[in-house]
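Observations on the model geometry
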Amino acid sequence: MARVTLDTLRKEFDRGTIVAVDDLDLEIDDGEFVTVVGPSGCGKTTTLRMVAGLEEPTSGTVEFDDEDVTDIHAKERPVAMVFQNYALYPHKTVRENMAFGLKMSTDMTTEERHERVREMAEMMGIEDLLDDKPDELSGGQKQRVALGRAIAREPEVFLFDEPLSNLDAKLRTEMRAEIQKLQKEFGVTAMYVTHDQEEAMTMGDRLAILNDGELQQVGAPTEVYQNPVNKFVAGFIGSPSMNFLDVGVETDGTTATIRDESSGLAFALSRDYVAGHDLESGPYTLGIRPENIGIVEDPTGGETLTATVEVVEPIGSDNYVHLDVNGDFLARAPANVQPEAGDEVGVVFEETDLHLFDAETGEDV
Ligand code: ADP
Ligand code: MG
């Protein structure tokens, strides 16, 4: 299998007026599953197409192991790609669709091809569908055929471009697990592109977060969740999204207080926190995740702030409590915490759960 290295990979369109991928550096280990996540238009598909050889980089290189493959034709690269729209040939049967890739890219005999297709179909649980045409299949079945076809070629690098976007929620969860199982079984290096942060959190060994063609952060899902490097990553990873509040920090270098006049927020930071962070007096953005907020139904005045409850949404195990703190501020509280709309409640959180971002650059401080 192969280690994939992207070195200052760049793609411009329309004579440089669009920078789709902006000098991307990324290394995917042999057998590793890396999820590339970011909003629509951030350059995910373009990156994947450059790895596949379907798009020529403006500058930079793609390497498989230590071989520079930047100038090697897509057909000659040991990659298989799975797309959102399955990309099956409508007039061919499932069997023919699965065999076609093998015909194009290997020197197997017809018999060997049929044997391989049968094996893959069995593995994907689609052996009964081999004589069907794609339009007789459900979305999930089509995606299984597309996966089986891709893996049949025994690629060294598996590329996925939002393969589950067209499936319903239940099937998506199932296929997520199935894709990961396949990838580990075959030990193939995988690059999986999605705009869905939940998919990214659950699927990758590591995540690479892109915004506007630029790599923001690479790391294990929990690492990125716990230590986002900037406000963009903090707001993108985690669901529901992190709450942000414009605050002021007052510090003398040893002690510090976070304040927000309009919501009445006042939070004294510990000396350890101040010693461990590069704080100055001035404006910051405070970030706190809904799951890290505690609600005190009968506030005593000792809370970080008090706020009015706008809406309570039960989600079974927990309640989402929407508070008015200079706009919508969301807390995820246990189901037994049931304030009513209009109630004044106390809001508390731990210092270890708060994030402070530079008000101007959005960098975590
Ligand atoms: P994503 O897959 O993350 O949604 P894309 O890689 O498709 O993003 O696109 C990144 C940017 O490049 C977008 O602004 C898109 O409009 C632009 N782009 C992609 N392909 C082309 C093209 N062939 N010609 C011009 N602009 C393109
Ligand atoms: Mg795309």
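Predicted model, so just to flag it, every value in this text is computed and none were measured. (Residues numbered from 1 in each chain as written. Chains lettered and ligands numbered in written order. Predicted model: local features only at pLDDT ≥ 70, side-chain atom pairs only at ≥ 80, totals over all residues.)

1. Concerning helix H5 (residues 169–186)
Stated formally: Note on conventions: DSSP H or I runs of at least 4 residues are helices, E runs of at least 2 residues are strands, and numbering of each starts at the N terminus. Any helix carries an expected span of 1.5 Å times its number of residues minus one.
For H5, spanning 18 residues, the distance from its first C-alpha to its last is 26 Å, which sits close to the expected 26 Å at 1.5 Å a residue. Positive phi appears at Gly 187, one or two residues downstream of H5, with a value of about 60 degrees.

2. Overview of unusual backbone geometry
Here the residue pair Ser 239 and Pro 240 is connected by a cis peptide bond, since its omega of -5 degrees sits within 30 degrees of zero. Phi at Asn 326 is positive, roughly 50 degrees, even though this residue is not glycine. Looking at the element boundaries, Asn 326 is found in the loop between strand E17 (318–324) and strand E18 (328–334).

3. Notes on the pairing of strand E6 (residues 79–83)
Stated formally: Exposed residues have 12 or fewer other C-beta atoms within 10 Å of their own C-beta, buried residues have 20 or more, and partly exposed residues fall in between, where C-beta atoms are placed from the backbone. One bridge is not enough; two strands pair if DSSP finds at least two bridges between them.
Counting buried positions over the 5 residues of E6 gives 4, a clear majority of the element. The pairing of E6 with strand E7 (residues 157–161) spans 5 bridges and is classified as parallel. Residue pairing across strands places Val 79 opposite Val 157, the latter belonging to E7.

4. Structural notes on the sheet that holds strand E14 (residues 282–288)
Spelled out, the test is: Only the contacting stretch of a helix is used when fitting its axis, a line to C-alpha atoms as for every element, and angles between N-to-C directions run 0 to 180 degrees.
The strand order E13-E12-E11-E14-E20 describes an open sheet built from 5 strands, whose pairing is antiparallel. Among the strands making up the open sheet, the edge pair consists of strand E13 (265–269) and strand E20 (355–358). Going from strand to strand, the sheet's axes swing by 35 degrees on average, the running direction of each strand aside. Bridging between strand E12 (residues 256–260) and E13 involves 5 bridges; their strand directions are antiparallel. Bridge assignment links Arg 259 to a residue of E13, and that residue is Ala 266.

5. Overview of the nonpolar core
Basically, it comes down to this: Note on terminology: a nonpolar core is any set of buried Ala, Val, Leu, Ile, Met, Phe, Trp, Tyr and Cys residues joined through C-beta atoms within 7 Å. As used throughout, domain bounds are those supplied by an automatic or database domain assignment. Here contacts are defined at the residue level, using C-beta atoms placed from the backbone and a cut-off of 7 Å between them.
Leu 159, Met 191 and Ile 209 are the most contacted members of the largest nonpolar core, which totals 87 residues. A total of 6 residues in this core trace back to one element, the largest contributor, which is helix H4 (residues 139–152). Lining this core are residues from two domains, each supplying at least three of them: domain 1 (4–236) and domain 2 (243–358). In this structure, Leu 159 is in contact with Leu 48, Val 51, Ala 52, Val 79, Ala 80, Met 81 and Met 191, ignoring residues within four places of it in sequence.

6. A short note on the site of ligand 1
Put simply, the rule is: Using a C-beta atom placed from the backbone for every residue, we mark a residue as near a molecule or strand if that atom lies within 6 Å of it.
Ligand 1 sits among Phe 13, Asp 14, Ile 18, Ala 20, Gly 38, Ser 40, Gly 41, Cys 42, Gly 43, Lys 44, Thr 45 and Thr 46. Elements represented by at least two residues in the shell around ligand 1 include exactly strand E2 (18–28) and helix H1 (44–52). A per-element tally of the shell around ligand 1 places H1 first, with 3 residues.

7. Here we look at the packing of H4 against H5
For the record, the criterion: Should an angle fall under 35 degrees it is called roughly parallel, over 145 degrees roughly antiparallel, and 65 to 115 degrees roughly perpendicular, with every other angle called oblique. Gly is put with the polar residues, along with every residue not named as nonpolar or charged; the nonpolar set is Ala, Val, Leu, Ile, Met, Phe, Trp, Tyr, Cys and Pro, and the charged set is Asp, Glu, Lys and Arg.
The N-to-C vectors of H4 and H5 enclose an angle of 10 degrees; their axes lie 12 Å apart at closest approach. Regarding the angle of H4 to H5, the classification is roughly parallel. Each of Gly 140, Gln 143, Leu 147 and Ile 151 in H4 lies in contact with H5, whose residues at this interface are Leu 171, Met 175, Ile 179, Leu 182 and Phe 186. Residues belonging to the contact of H4 with H5 are distributed by class as follows: 7 nonpolar, 2 polar and no charged.

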